[in-house]
Amino acid sequence: MHLKNIAPNATRMRRMLEVVRGKGVEDPKVLEAMARVPRELFVSRALAVDSYDDVTLPIGEQQTISMPSVVGYMTQALGLGGREKVLEIGTGCGYQTAILCRLARRVYTVERLERLSQAAQERLTSMGYTNWIAMVGDGTLGWQAQAPFEAIIVTAAGPRVPPALVAQLAVGGRLVIPVGPTEADQRLLRITKLEDGGTREEVLGRVVFVPLVGAQGVAAKG
Ligand code: SAH
C-alpha cells in the first residue's frame, strides 16, 4: 500500500492559504472563510490526501471541484459585504457554496446533475449551513423567481454570457463567469450592472472550467 506522508490538516490548510494568497487573493474575509471550510470534506476519502493542494479534483459525473486559488479569486471578485443574495450556478460538490454561505446573506445554488446536488445538500446540512437553497435545473436560465441578485457566480464555462443571468442582476450587482469558445480558450469575466441598465465588462484572466451545459450554454451530448 502506498501511504503519502502528509502533514496535519491545520498545517496543510495554512499552506493552502499561503498559495491562494500568493495567487492574488488578499481579501482577509475571503481567506478567513476559506480557512473555515475543510476542503477534504468535499471530495472522496481516496482524494483527501490531495485536497489542500491547489489542484482541481474529480467529484464524480465527470465534474471537478475548482482549484482553491480560483475559488478564492472568483469569490473575491464578487466583492461580498455580507448582506447579498447570491446566485451560484454549478453547485458541484458544494465547496464554493459553503464559502459563499459564510460571506453572504443567502445563497441560491443551481446544479443540473441531481446526484451531485443531493450529495452537496447532504454535506452542507451536515456541516451546519442553513442560509442556502438548492435547485436541480438549468442554471443558464438563472432563478427568475428569486431575482434580482447582488452577486452571481458561474463555475462552468459556455460560449457566451447567458442573457438571463445578466437580466437577473441587481443594479450594482456583479456576475463572475468563465466564457470561451473552447476549453483551451476561456476567460474569466466580471460583469457589473449599471444604473442605466447597461453593463461594464472586465476580463480578470484566463481559466479552465468544465462545460456549462444548458439552453444558454453548451448543448448536452446524446
Ligand atoms: N463550484 C463547484 C464546481 C463544480 S464543476 C465545486 O466547487 O464543486 C461545475 C458544475 O457545474 C458541475 O457540477 C456541472 O454539472 C454544473 N453545471 C454545468 N452546467 C450547468 C447548468 N447549466 N446549470 C447548473 N449546473 C451546471
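What you are looking at is a predicted structure, and each value in this text was computed from that prediction instead of being measured.

Draft legend 1. Region of interest: the packing of aromatic side chains. Under the counting rule described, the total for this entry stands at three aromatic pairs. Ring geometry for Tyr108 against Phe149: centres 5.7 Å apart, planes inclined by 65°, an arrangement best described as edge-to-face. With Tyr108 in strand S4 (residues 106-111) and Phe149 in strand S6 (residues 149-154), this pair connects stretches of sequence that are 41 residues apart. A relative accessible area of 6% means that Tyr108 is categorised as buried. Taken together through their ring pairs, the aromatic side chains of Tyr108, Trp143 and Phe149 make up a single cluster. When the ring centre of Tyr95 is taken as origin, the NZ or CZ atom of Arg39, which lies over that ring, is 5.8 Å away.

Draft legend 2. Representation of unusual backbone geometry. In this chain, Ala147 is followed by Pro148 through a cis amide linkage whose omega measures 5°. Here Pro148 lies in the loop between strand S5 (132-136) and S6. Located in the positive-phi region is Glu61, a residue other than glycine, with phi close to 60°. One can find Glu61 in the loop between strand S1 (57-60) and strand S2 (63-65). Looking at Glu61, the relative accessible area reads 32%, which means it is partly exposed.

Reading guide: rules and limits
Residues numbered from 1 in each chain as written. Predicted model: local features only at pLDDT ≥ 70, side-chain atom pairs only at ≥ 80, totals over all residues. Heavy atoms only, no water. Phe/Tyr/Trp six-rings, centres within 6.5 Å; stacked < 30°, edge-to-face > 60°. Helix = DSSP H or I, 4+ residues; strand = E, 2+ residues; numbered from the N terminus. Buried < 20%, exposed > 50% of the residue type's maximum accessible area, 1.4 Å probe, protein only. Lys NZ or Arg CZ within 6 Å of the ring centre and 35° of its normal.

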